[in-house]
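The chain contents come next:
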Amino acid sequence: MFLTYMETVTKELVSWMRGHESSVFSISVHASGKYAITTSSDTAQLWDLDTFQRKRKLNIRQSVGIQKVFFLPLSNTILSCFKDNSIFAWECDTLFCKYQLPAPPESSSILYKVFAVTRDGRILAAGGKSNHLHLWCLEARQLFRIIQMPTKVRAIRHLEFLPDSFDAGSNQVLGVLSQDGIMRFINIQTCKLLFEIGSLDEGISSSAISPHGRYIASIMENGSLNIYSVQALTQEINKPPPPLVKVIEDLPKNKLSSSDLKMKVTSGRVQQPAKSRESKMQTRILKQDLTGDFESKKNELPDGLNKKRLQILLKGYGEYPTKYRMFIWRSLLQLPENHTAFSTLIDKGTHVAFLNLQKKYPIKSRKLLRVLQRTLSALAHWSVIFSDTPYLPLLAFPFVKLFQNNQLICFEVIATLIINWCQHWFEYFPNPPINILSMIENVLAFHDKELLQHFIDHDITSQLYAWPLLETVFSEVLTREEWLKLFDNIFSNHPSFLLMTVVAYNICSRTPLLSCNLKDDFEFFFHHRNNLDINVVIRQVYHLMETTPTDIHPDSMLNVFVALTKGQYPVFNQYPKFIVDYQTQERERIRNDELDYLRERQTVEDMQAKVDQQRVEDEAWYQKQELLRKAEETRREMLLQEEEKMIQQRQRLAAVKRELKVKEMHLQDAARRRFLKLQQDQQEMELRRLDDEIGRKNLTENQEAVAKEMRADADAYRRKVDLEEHMFHKLIEAGETQSQKTQKWKEAEGKEFRLRSAKKASALSDASRKWFLKQEINAAVEHAENPCHKEEPRFQNEQDSSCLPRTSQLNDSSEMDPSTQISLNRRAVEWDTTGQNLIKKVRNLRQRLTARARHRCQTPHLLAA
């Protein structure tokens, strides 16, 4: 986790600080603005806001968490509150434990969650998950009151005291935000409920009170932001302060119990704490001391300090403690801390006289420059003379550097210094204060005439040996520590102490001054640091304050210290108003003239700029025209070149076209010839196809003719066989009539057997011839369909011929008679002759088909071409 430090006006990031491991839920800033404490659940860290470096770190055990760690107002005390209800007070610089608050009574023991402290740092209010509210007196370090809130309150979420302009920081009104979203404001002395904001329907989530106590800002639970006017809510806050003489009650000697401390909050009659019977409250009235009243009033300072005691302490130690210096200064100067008035001056913005401050005073630190510019602007808005005071930045710079983290304190310290220690400085404005310088010269003449004569001899006036020290308030000739020690004494004494310091500084430096003879040497001496002991100078100042005669003592001509008024700052008009008005008018006239001059110069510059711009534009136009002309010539040359290239390309293109035309004519001629040849080939192929069809038709007709002949031969053969069978039957019938019928019957049976054998042989021979004829016809058809194939023999000598039935196999004459055998042989010969003729015809047909097929194979195919 890291923290960012932002500039509220410019919204710029100034620095960022890293160190916490968990989220930071509380930030407390010291009254001087130099330190800050950041708190998380496991640790609290102390930061130096000048260097943005971590100074100290508070580590605790993990079992004990931190509730809150914060600075007490107007002191260097840090208050740490832990989750086990223990409260410790620590010294800011050393982190030494100063004290621990005792444990609260067991009858009203609550776990503290929220805390609030009055502006004077004397009363601590603590609350938690209860309707009881504990009030601690930090000076007595004891619980002095327990306030019981109404029964509706079960837990307290936020506590904050309401500031008042008339209570000197001892705030009496406490705002209590409870769990029901209602913030009740009670008087911690009377325990009377003054007013409340918020409601059950519109509860408050968180709330904050403005520094001057006039407004209350609340974030509601519904997300809206409400701004309340305290003056409109109640008139109790705005009552005048009580009289100076009041009744004081003595504290009882015996210890009060928690029941004696407890008071209930009422909205009507005020209920006082119950008193013990044994301890009677004694009252006494303060009587005015007529002799010492004025002296005590003069020495009494805010926050319980006494000026006389501080002076004794200062004379004893020579300076105030560093850690209490700012607190003591604020008490000595009685700063009112008018937040509203200062905010009004700041809201007016940067004064026109200091807009260019960085040019005249180039400060390295941007933050310091912004604070200086803002402070000087606030002074100029407060009084118009400070806008024309040339030495005001020199006068204010050391205080701005010292209080850069608290601009309100810085402004009020400078304003208090101007009102008291710069009396009569502006009577001879715009010249140096001649009257003040005359006072210094008179005192110097009384205490060191030799040194004054040395100044006169070398033409060195008080404007050289006194005024540089006054207008820079010794910041150029002293270191930081010496300057702080000196102003510890200046702020603790009469305003004439500053003038006496100038005289003392010259007297203590008389040896080097008497040795100077040149004016430049004197100027260098009073604008640079010198080897001088500031303690010796301060002792010399006190000696001058005591030994200077009354008639020339500055305290007789300067008024006593007057603090700034509370609420609004006093009117500062201790200057020649007519001169300031005249200078203001002159400055306004000069400013107007300067503005007119600037406007005229701006007009002339604008006209000159326009003329220059016009000249530049004209030159640019001429250059552009020249470039365009050159570009045009270039383009024309390029166009001519392109045209020449186009002519050449056209010539080449025409030649290419002619070549292409010739090639196209050749190709067309070749295509025409190919087309004619293709047509011729197609016609030839069509003729061959027609020839093939004619051949196939002739072959079919031949095959049909051969088939018809074979069928006719077969029919004739069957008729012949039938006739022979018929004749054979007649012969058998004739033989039966002859004598040996039985023999003949047997012979007839043998003949019948042989006839059957002959028929069988004839059928086999007829089947073989049919099969052979079919094979020949099929071969001829295949030749006709595939003319390019090589002709293969249809029969093998032995294999195919063996498949045919042979006549010799049927001519088994062992069982036939000679006549029958002769008849059968004659028929076989006839059949062989008929078959051979048929085979010859088939073979002739095959030869013709084969020749035609070979002719077709030798002719070029049309598709192949």
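Residues numbered from 1 in each chain as written. Predicted model: local features only at pLDDT ≥ 70, side-chain atom pairs only at ≥ 80, totals over all residues. Heavy atoms only, no water.

1. Digging into the overall build of the protein chain
Put simply, the test is: Helix numbering and strand numbering both begin at the N terminus, where a helix is a DSSP run of H or I of at least 4 residues and a strand a DSSP run of E of at least 2. The cut-offs for exposure are 20% and 50% of the maximum accessible area for each residue type, with area from a 1.4 Å probe on protein chains only; residues under the lower value are buried, those over the upper are exposed, and the others partly exposed. When checking whether two residues touch, look at their non-hydrogen atoms; a contact exists if any pair is within 4.5 Å. Methods summary: accessible areas were calculated by the Shrake-Rupley approach with a probe of 1.4 Å, and residue burial reflects only the protein chains presented.
When helices and strands are tallied, the protein chain shows 24 helices and 24 strands. Within the span of the protein chain, comprising 865 residues, buried residues form 40% of the whole. Across the protein chain, every contact between residues at least 6 apart in sequence was considered, and the portion connecting residues at least 24 apart equals 60%. Carbon and sulfur atoms form 53% of the exposed surface of the protein chain, whose accessible area is close to 51,600 Å².

2. Observations regarding the packing of aromatic side chains
To keep it simple, the criterion reads: Stacked, edge-to-face and tilted are the three classes for Phe, Tyr and Trp ring pairs, Trp counted by its six-membered ring, which pair at centre distances within 6.5 Å; planes under 30 degrees apart are stacked, over 60 edge-to-face, the rest tilted.
Under the criterion given, the structure shown has 33 aromatic pairs. The interplanar angle of 65° and the centroid separation of 5.2 Å between the aromatic rings of Phe 411 and Tyr 569 together place this pair among those described as edge-to-face. Remark: Tyr 569 occurs in the loop between helix H19 (534-547) and helix H20 (577-737) and Phe 411 occurs in helix H10 (residues 407-420); sequence separation between them is 158 residues. Exposure class is identical for Phe 411 and Tyr 569. Each is buried. Arranged with centres 5.8 Å apart and planes meeting at 55°, the rings of Trp 421 and Phe 561 form a pair that is tilted. Of the two residues, Trp 421 is situated in the loop between H10 and helix H11 (434-447) and Phe 561 in the loop between H19 and H20; the sequence distance between them amounts to 140 residues.

3. Considering the nonpolar core
The line we're drawing: The term nonpolar core refers to a set of buried residues drawn from Ala, Val, Leu, Ile, Met, Phe, Trp, Tyr and Cys, joined through side-chain atoms within 4.5 Å.
If you look at the biggest cluster of nonpolar residues, it comprises 104 residues, and the most contacted ones within it are Trp 329, Trp 382, Leu 470, Phe 474, Trp 483 and Phe 491. At ten residues, H10 tops the list of elements feeding residues into this core. Not counting residues within four places of it along the chain, the set of residues in contact with Trp 483 comprises Trp 329, Pro 398, Phe 399, Leu 402, Val 473, Phe 474, Ser 475 and Leu 478. In terms of nonpolar packing, the next biggest core, distinct from the first, is built from 18 residues, Val 117, Leu 124, Trp 136 and Leu 143 among them.

4. Topic: the confidence of the model for the protein chain
Heads up, the rule is: Every residue is assigned a pLDDT by the predictor, reflecting its confidence on a scale from 0 to 100.
Looking at the protein chain, pLDDT values average 79 and 78% of them are 70 or higher. Of all helices and strands in the protein chain, the one with the weakest mean pLDDT is strand S24 (residues 283-285) (32), whereas helix H16 (residues 496-508) scores best (93). With pLDDT under 50 throughout, residues 268-294 is counted as low confidence; its partners more than four residues away or in other chains account for 30 contacts. Confidence over residues 788-815 falls short of pLDDT 50; this stretch has 30 contacts with residues more than four positions distant or in other chains.

5. Some thoughts on the pattern of salt bridges
Side chains bearing opposite charge may pair, as long as their charged atoms lie close to each other. Quick reminder of the rule: Should a side-chain nitrogen of Lys or Arg be within 4 Å of a carboxyl oxygen of Asp or Glu, the pair is scored as a salt bridge.
The tally for this structure, following the rule as stated, stands at 24 salt bridges. Arg 601 serves as the salt-bridge partner of Glu 605, at 3.6 Å between the closest nitrogen and oxygen. Residue Glu 605 and its partner Arg 601 are located together in helix H20, separated by four residues, close to a single helical turn. For Arg 601, a relative accessible area of 37% corresponds to the partly exposed category. Note that Glu 686 and Arg 689 form a salt bridge whose closest N and O atoms lie 1.9 Å from each other. Highlighted residues: Glu 686 and Arg 689, both in helix H20, separated by three residues, approximately one helical turn. By relative accessible area, Arg 689 is classed as partly exposed at 35%. Here the salt bridges share partners, and the residues they tie into one network are Glu 91, Lys 98 and Lys 323.

6. Structural notes on the packing of helix H9 (residues 392-402) against H10
As a reminder, the rule being used: An axis is simply a line fitted to the C-alpha atoms; with a helix, the fit covers only the stretch in contact. Between two such axes, the angle follows the N-to-C directions and lies from 0 to 180 degrees. Angular relationships are summarised with four words: roughly parallel below 35 degrees, roughly antiparallel beyond 145, roughly perpendicular across 65 to 115, and oblique for the angles in between. Left-handed is the label given to a crossing in which the near helix is rotated counterclockwise from the far helix by less than a right angle, and right-handed is the label when the rotation is clockwise. Each residue gets one of three labels, nonpolar for Ala, Val, Leu, Ile, Met, Phe, Trp, Tyr, Cys and Pro, charged for Asp, Glu, Lys and Arg, and polar for the others, Gly among them.
Axis separation between H9 and H10 bottoms out at 10 Å; the angle between their running directions is 130°. It follows that H9 is oblique to H10 by the angle criterion. By crossing handedness, the relation of H9 to H10 is classed as right-handed. Residues Leu 392, Leu 395, Ala 396, Phe 399 and Val 400 of H9 touch H10, and the partners they reach there are Cys 410, Val 413, Ile 414, Leu 417 and Ile 418. Classifying every residue of the contact of H9 with H10 gives ten nonpolar, no polar and no charged.

7. Points about the sheet that holds strand S8 (residues 77-82)
To keep it simple, the criterion reads: What makes two strands pair is DSSP finding at least two bridges between them.
One open sheet accounts for four strands, arranged S7-S8-S9-S10; its pairing is antiparallel. Across the chains shown, the open sheet's two edge strands, defined by having one partner strand only, are strand S7 (66-71) and strand S10 (97-100). The average undirected angle you get between the axes of adjacent strands in this sheet is 20°. Two elements, S8 and strand S9 (residues 87-91), share five bridges in a ladder whose sense is antiparallel. For Ser 80, the partnering residue across the bridge sits in S9 and is Phe 88.

8. Points about the pairing of S7
Taking burial as the measure, the six residues of S7 include five buried ones, the bulk of the element. Pairing geometry for S7 and S8, over five bridges, is antiparallel. Bridge pairing links Phe 71 to Ile 78 in S8. A loop of five residues connects S7 with S8, the two strands running antiparallel in sequence, and Leu 74 in this loop sits at a positive phi of about 60°.

9. Notes on the sheet that holds strand S6 (residues 53-59)
Taking strand neighbours across the sheet as the criterion, the four strands line up as S3-S4-S5-S6 in an open arrangement whose pairing is antiparallel. The open sheet has two free edges, formed respectively by strand S3 (24-29) and S6, since each of these has just one partner strand. The mean inter-strand angle of the sheet, taken between neighbouring strand axes irrespective of direction, is 20°.

10. Notes on the environment of Ile 440
Mapping Ile 440 onto the fold places it in helix H11. For Ile 440, a relative accessible area of 2% gives the class buried. Once the C-alpha coordinates of Ile 440 and Val 503 are considered, the two residues, 63 residues apart in sequence, prove to be 6.3 Å apart. Excluding its chain neighbours within four sequence positions, the residues that come into contact with Ile 440 are Ala 466, Leu 470, Leu 499, Val 502 and Val 503.

11. Structural notes on the environment of Pro 554
Among the structural elements, Pro 554 can be located in the loop between H19 and H20. Taking relative accessible area as the criterion, Pro 554 reaches 1% and is therefore assigned buried. Here the alpha-carbon distance between Pro 554 and His 494, two residues 60 residues apart in the chain, equals 9.7 Å. If sequence neighbours within four positions are ignored, Pro 554 has contacts with Met 439, Val 443, Ser 496, Leu 499 and Met 500.

12. A few points about a nonpolar patch on the surface
Short version of the rule: Residues form patches when they are more than 30% accessible in relative terms and have no salt bridge. Like charges link within 9 Å. Nonpolar side chains (Val, Leu, Ile, Met, Phe, Trp, Tyr) link within 5 Å.
Where nonpolar side chains cluster on the molecular surface, the patch consists of Tyr 215, Ile 219, Leu 225 and Ile 227 and spans about 420 Å² of accessible area. Elements that contribute at least two residues to the nonpolar patch include exactly strand S20 (215-220) and strand S21 (225-229). Structurally, the position occupied by Ile 219 is in strand S20.

13. Brief notes about unusual backbone geometry
For residues other than glycine, phi is negative in most cases, and the peptide bonds are mostly trans. Geometrically, the link from Phe 429 to Pro 430 is a cis peptide bond, its omega value of 10° lying close to zero. If you trace the backbone, Pro 430 turns up in the loop between H10 and H11. Its identity as a non-glycine residue notwithstanding, Gln 334 has a phi of 55°, on the positive side. By the element assignment, Gln 334 lies in the loop between helix H5 (322-333) and helix H6 (339-347).

14. A closer look at the environment of Leu 452
With respect to the helices and strands, the residue Leu 452 is situated in helix H12 (residues 449-457). Apart from the residues within four sequence positions on either side, Leu 452 is in contact with Glu 441, Leu 444, Ala 445 and Tyr 465.

15. Details of the packing of H6 against helix H8 (residues 366-382)
Look at H6 against H8: their axes get within 8 Å of each other, and the N-to-C directions meet at 100°. When the axis of H6 is compared with that of H8, the two are roughly perpendicular. Residues Phe 342, Leu 345 and Ile 346 of H6 touch H8, and the partners they reach there are Arg 374, Ala 378, His 381 and Trp 382. Residue composition of the contact of H6 with H8, by class: five nonpolar, one polar and one charged.

16. Regarding the side chain of Asn 187
Looking at the secondary structure, you find Asn 187 in strand S17 (residues 183-187). In contact with Asn 187, other than residues within four places in its own chain, are Gln 172, Lys 192 and Leu 194.

17. What to know about H9
Taken across its eleven residues, H9 has eight buried, putting it largely inside the fold. Looking only at H9, the buried set comprises Leu 392, Pro 393, Leu 395, Ala 396, Pro 398, Phe 399, Val 400 and Leu 402. In this structure, the buried residues of H9 make contact with H5, helix H7 (357-360), H8, H10, helix H14 (467-471) and helix H15 (480-491).

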